Number of protein chains: 2
Amino acid sequence: MKAWKKNIRKVEPYIPGEQPNQSDMIKLNTNENPYPPAPGVQKVLNEFKTDTLRLYPDPTSKELIQAIADFYQVEKEQVFVGVGSDDVLAMAFMTFFNSEDPILFPDITYSFYDVWADLLHIPYECQPLDENFHIVKEHYYKKNGGIIFPNPNAPTAIYENKQFVEDILQNNQDSIVIIDEAYVDFASEGSVLPLLEKYENLLVVQTFSKSRSMAGMRIGFAIGSKRLIQAMSDVRNSFNSYTMSKLALSLGTAAVKDKKYFETCINRIVSTREKTKSQLKELGFSCLDSQANFIFATHNKKPAKEIFEALKERHIYVRYFEKPRINNYLRITIGTNEQMEMFIQALREIVK
Amino acid sequence: MKAWKKNIRKVEPYIPGEQPNQSDMIKLNTNENPYPPAPGVQKVLNEFKTDTLRLYPDPTSKELIQAIADFYQVEKEQVFVGVGSDDVLAMAFMTFFNSEDPILFPDITYSFYDVWADLLHIPYECQPLDENFHIVKEHYYKKNGGIIFPNPNAPTAIYENKQFVEDILQNNQDSIVIIDEAYVDFASEGSVLPLLEKYENLLVVQTFSKSRSMAGMRIGFAIGSKRLIQAMSDVRNSFNSYTMSKLALSLGTAAVKDKKYFETCINRIVSTREKTKSQLKELGFSCLDSQANFIFATHNKKPAKEIFEALKERHIYVRYFEKPRINNYLRITIGTNEQMEMFIQALREIVK
């Protein structure tokens with residue numbers, strides 16, 4: 001082996017989920033929104049002059065940060081933006097998880113947490129979900145170097161209420177606690193943002209990829225105390241001062257400004273979700289109590305993997321995880337009513 | 001101090017250069033291209049449907065990578081793309097600089113290298129430029145954990161030829177050597193890409209921000225052996241699987257496909273640069289031998305800082321570095337002929 005090869009960082013390469021691209025497919029596998037972004041996004045794009053791309057974007061992302069701050073009624077110094085919530089979370093791991101004590105997160109959760117911890121040499125300890133796939137808050141009361149979990153959790157779609165999160169915060173005044181709220185806009189009780197008034201060590205991370213239909217644009221954000229946001233900005237500026245393109249800033253701002261469209265889309269998805277849950281039940285599925293834009297379901301007879309494969313043959317894509325405890329479940333993104341009808345029709349044939 | 005504060009990563013925050021925004025300004029301070037991106041970029045934007053933004057972008061960036069591979073006549077497995085060359089370089093530091101021996105780079109150079117090294121806890125040793133601001137290749141023949149320098153160097157604009165780079169490679173078969181070619185398209189002898197055939201440990205990094213007029217879009221790339229590119233992709237995928245937005249992929253591809261426009265812009269900038277150099281000389285400036293889209297110049301009487309301030313009063317922005325050895329120099333980006341005439345006219349008044 002050549003000497004230089006030993007200095008290459010060894011990572012277990014993360015394999016991103018399948019991104020099939022067939023014209024007739026029904027794509028319910030990566031939790032995208034079935035509806036387009038707010039109409040204002042196309043309008044801003046139509047007026048955009050590419051001549052301006054010769055110049056660097058605003059490194060402070062002022063316009064987008066102000067729009068997010070206005071929407072959530074926080075101060076602009078409490079908002080951090082990044083290239084999707086993955087970028088925001090990776091920066092948060094790098095900024096906040098520098099203890100020798102392990103960070104804590106659930107064993108069944110977003111599959112990037114252990115990847116970031118490995119990459120950044122952060123010690124971690126996974127805490128098992130209970131038999132109903134709920135997080136056990138008492139597991140998070142021990143000494144730790146930080147805490148992170150998604151709420152609703154992925155891929156279970158289970159939401160823990162604000163009191164639950166506050167209990168964890170009260171027992172962790174010495175740790176930074178990150179709540180990854182990628183799916184929170186689909187949860188009835190909503191975000192833990194109000195807890196920011198009481199906890200300077202709380203960081204809330206959200207994304208434009210789900211409820212705002214902008215997965216293709218790569219915009220995520222964090223809201224926290226000024227102290228936490230300043231620390232993240234310092235690290236970000238030491239990594240890359242210009243992460244947000246001029247188009248991400250302009251189109252993202254247009255998206256966040258249309259509150260009515262945002263709420264309409266969410267209501268439609270939640271209503272389709274509830275309908276789909278009843279239909280799945282009639283077909284012999286059990287669904288966890290979903291508070292996200294996807295459902296985590298298992299069938300009482302047919303193995304999940306077989307259903308997954310049979311759907312795929314019909315060009316209907318859902319997500320299947322070959323992992324202990326969840327390898328008989330399917331994660332099904334909520335599409336349009338029409339897509340879900342076709343999906344249910346296909347299931348009728350598959351599980352009959 | 002609250003206990004969680006001690007786990008926050010301490011960094012010397014990098015302060016990005018000033019981004020003034022006045023309608024009448026002449027902006028010659030951040031090495032942007034004075035000409036717009038290729039006409040095909042606006043065309044692709046005009047046809048872009050924001051409805052598609054609801055879906056994730058292609059995580060393999062296939063279209064853009066293939067266009068770059070075709071342009072440089074390399075294989076697609078030899079190309080890595082990122083959010084500007086800063087993102088590409090940060091990923092390269094993280095992927096390749098994991099030795100306990102220090103990495104080596106010049107003392108006067110791109111100001112991000114030591115920031116990344118500090119952030120990622122990489123040991124480093126700066127090597128002094130000689131009295132004419134040239135890199136001394138023999139400084140790079142000692143034991144090291146990797147080598148990086150820009151060519152042309154920044155902010156000097158001085159270019160070292162291919163034989164010089166090859167000498168460093170021949171003396172460093174055990175290290176990964178990164179040549180940061182952000183400005184190479186403006187250098188007469190061009191890129192060291194042909195050396196890739198002989199050196200598997202060479203990584204060449206370039207950007208769309210300068211010669212391709214796309215600073216606002218955030219696109220950079222690396223070309224190297226398949227072994228190096230695979231390692232970078234593995235780390236990148238462990239950090240963020242979707243760094244490139246759909247618009248970055250589409251607009252970037254349109255930009256790289258127009259070779260004729262690219263060459264025309266470069267020729268215009270080089271010709272303006274040479275003219276500006278003669279004019280500066282007549283006004284009592286000495287310029288280093290610039291092979292970039294900027295000039296590094298010092299005046300025989302008037303201190304650089306005074307000239308910088310006087311230009312600023314006239315809304316003409318150039319770059320001044322308050323650093324040892326270079327604190328009597330100005331870095332002047334090459335604008336259009338018209339802008340440079342106005343700049344020279346202002347200087348005539350200032351240094352008279």
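Residues numbered from 1 in each chain as written. Chains lettered and ligands numbered in written order. Predicted model: local features only at pLDDT ≥ 70, side-chain atom pairs only at ≥ 80, totals over all residues. Heavy atoms only, no water.

Mapping chain B onto chain A is achieved by rotating through 180 degrees and translating by 0.0 Å along the same axis, at an RMSD of 0.0 Å. Both copies of the chain, as the preceding transformation shows, are related through a two-fold rotation axis. In terms of proximity to the rotation axis, the leading residue of chain B is Asn 46 of chain B, whose C-alpha is 3.2 Å off the axis. Interface overlap between copies: 100% of the residues of chain B at the interface are likewise at the interface in chain A, consistent with a symmetric, same-surface contact. (Least-squares fit on C-alpha atoms with pLDDT ≥ 70 in both. Contact = heavy atoms within 4.5 Å.)

Each partner contributes to the interface: chain B provides 83 residues, whereas chain A provides 83 residues. Our count for the chain B to chain A interface comes out at two salt bridges. Residues Lys 2 of chain B and Glu 200 of chain A are paired through a salt bridge, measuring 3.9 Å at the closest nitrogen-oxygen approach. Between chain B and chain A we count 40 residue pairs in polar contact (both at pLDDT 80 or more) in total. When residues of the side of chain B that touches chain A are assigned to their parent elements, the largest contribution, seven residues, is made by helix H3 (residues 84-96) of chain B. Taken together, the residues of the side of chain B that touches chain A break down into 42 nonpolar, 23 polar and 18 charged. (Salt bridge = Lys/Arg side-chain N within 4 Å of Asp/Glu carboxyl O. Polar contact = N/O pair within 3.5 Å; in protein donor to acceptor, adjacent residues only side chain to side chain. Helix = DSSP H or I, 4+ residues; strand = E, 2+ residues; numbered from the N terminus. Nonpolar A, V, L, I, M, F, W, Y, C, P; charged D, E, K, R; others polar.)

The next point concerns the packing of helix H9 (residues 304-313) of chain A against helix H10 (residues 337-351) of chain A. All names here are of chain A. Relative orientation of the contacting elements H9 and H10 amounts to 125 degrees, with a least axis distance of 10 Å. Between H9 and H10, the crossing angle belongs to the class labelled oblique. The handedness of the crossing between H9 and H10 comes out as right-handed. Contact residues: H9 offers Ile 307, Ala 310 and Leu 311, while H10 offers Phe 343, Ala 346, Leu 347, Ile 350 and Val 351. Looking at side-chain class alone, the contact of H9 with H10 contains eight nonpolar, no polar and no charged residues. (Axes fitted to C-alpha atoms, helices over the stretch in contact; angles between N-to-C directions. Parallel < 35°, antiparallel > 145°, perpendicular 65-115°, else oblique. Left-handed = near helix turned anticlockwise from the far one by under 90°.)

Residues and elements named next belong to chain A. If you trace the backbone, Gln 66 turns up in helix H2 (residues 62-72). Look at Gln 66 and you get partly exposed, because its relative accessible area is 32%. Separated by 53 residues in the primary sequence, Gln 66 and Leu 119 place their C-alpha atoms 32 Å from one another. (Buried < 20%, exposed > 50% of the residue type's maximum accessible area, 1.4 Å probe, protein only.)

Residues and elements named next belong to chain A. On strand S6 (residues 177-180), burial covers both faces: Val 177 and Ile 179 on one face and Ile 178 and Asp 180 on the other are all buried. As defined by bridge partners, strand S5 (residues 147-150) adjoins S6 across four bridges and the pair is classed as parallel. Within S6, the residue paired with Ile 148 across the bridge is Ile 178. For the segment spanning S5, helix H5 (residues 162-170) and S6, crossover handedness is right-handed. Sheet analysis places S6 next to strand S7 (residues 202-207), joined by four bridges and oriented parallel. Bridged to Ile 178 within S7 is Leu 203. (Pairing = 2+ DSSP bridges. Right-handed = clockwise from strand over helix to strand, strands pointing away.)

Residue and element names in this part refer to chain B. Spatial ordering of the open sheet is given by S9-S10-S13-S12, a layout of four strands whose pairing is antiparallel. Two strands bound the open sheet, and with one partner strand each, they are strand S9 (285-287) and strand S12 (319-320). Taken together, the three bridges between S9 and strand S10 (residues 294-299) define a ladder with antiparallel strand orientation. Bridged to Phe 285 within S10 is His 299. Along the sheet, helix H8 (residues 259-282) makes contact with S9, S10 and strand S13 (330-333), crossing S10 at roughly 5 degrees.

What follows concerns the packing of helix H8 (residues 259-282) of chain A against H10 of chain A. Residues and elements named next belong to chain A. At their nearest, the axes of H8 and H10 sit 11 Å apart, and the two run at 10 degrees to each other. On the basis of the axis angle, H8 is roughly parallel to H10. Residue-level inspection shows Thr 272, Lys 275, Thr 276, Gln 279 and Leu 280 of H8 in contact with H10, the latter providing Asn 337, Met 340, Glu 341, Phe 343, Ile 344, Leu 347 and Arg 348. Per-class residue counts for the contact of H8 with H10 are five nonpolar, four polar and three charged.

This part is about the nonpolar core. Ile 68, Leu 247 and Phe 343 of chain A together with Ile 68, Leu 247 and Phe 343 of chain B are the most contacted members of the largest nonpolar core, which has 176 residues in total. The residues contacting Phe 343 of chain B, other than those within four sequence positions of it, are Leu 28, Leu 280, Leu 311, Ile 316, Val 318 and Ile 332 of chain B. (Core = buried A, V, L, I, M, F, W, Y, C linked by side-chain atoms within 4.5 Å.)

Now for the environment of Met 25 of chain A. Residue and element names in this part refer to chain A. As for its position among the elements, Met 25 is in the segment before strand S1 (26-27). The class for Met 25 is buried, based on a relative accessible area of 16%. Residues Met 25 and Ala 187, spaced 162 residues apart in sequence, show a C-alpha to C-alpha distance of 28 Å. Not counting chain neighbours up to four residues away, the residues in contact with Met 25 comprise Pro 20, His 315 and Tyr 317.

Further remarks concern the sheet that holds strand S9 (residues 285-287) of chain A. Residues and elements named next belong to chain A. Ordered in space as S9-S10-S13-S12, the four strands form an open sheet in which the pairing is antiparallel. Both outer strands of the open sheet, S9 and strand S12 (319-320), are each paired with one neighbouring strand and no more. The strands that H10 touches are S9, strand S10 (294-299) and strand S13 (330-333); relative to S13, the one it contacts most, it runs at about 150 degrees.

Residue and element names in this part refer to chain A. Here H10 spans 21 Å end to end across 15 residues, near enough to the 21 Å set by a 1.5 Å rise per residue. What H10 keeps buried is the set Gln 339, Met 340, Phe 343, Ile 344, Ala 346, Leu 347, Ile 350 and Val 351. The buried residues of H10 all sit within an arc of 160 degrees when viewed along its axis, so they share a single face. (Expected span 1.5 Å × (residues − 1). Arc of directions from axis to C-beta.)

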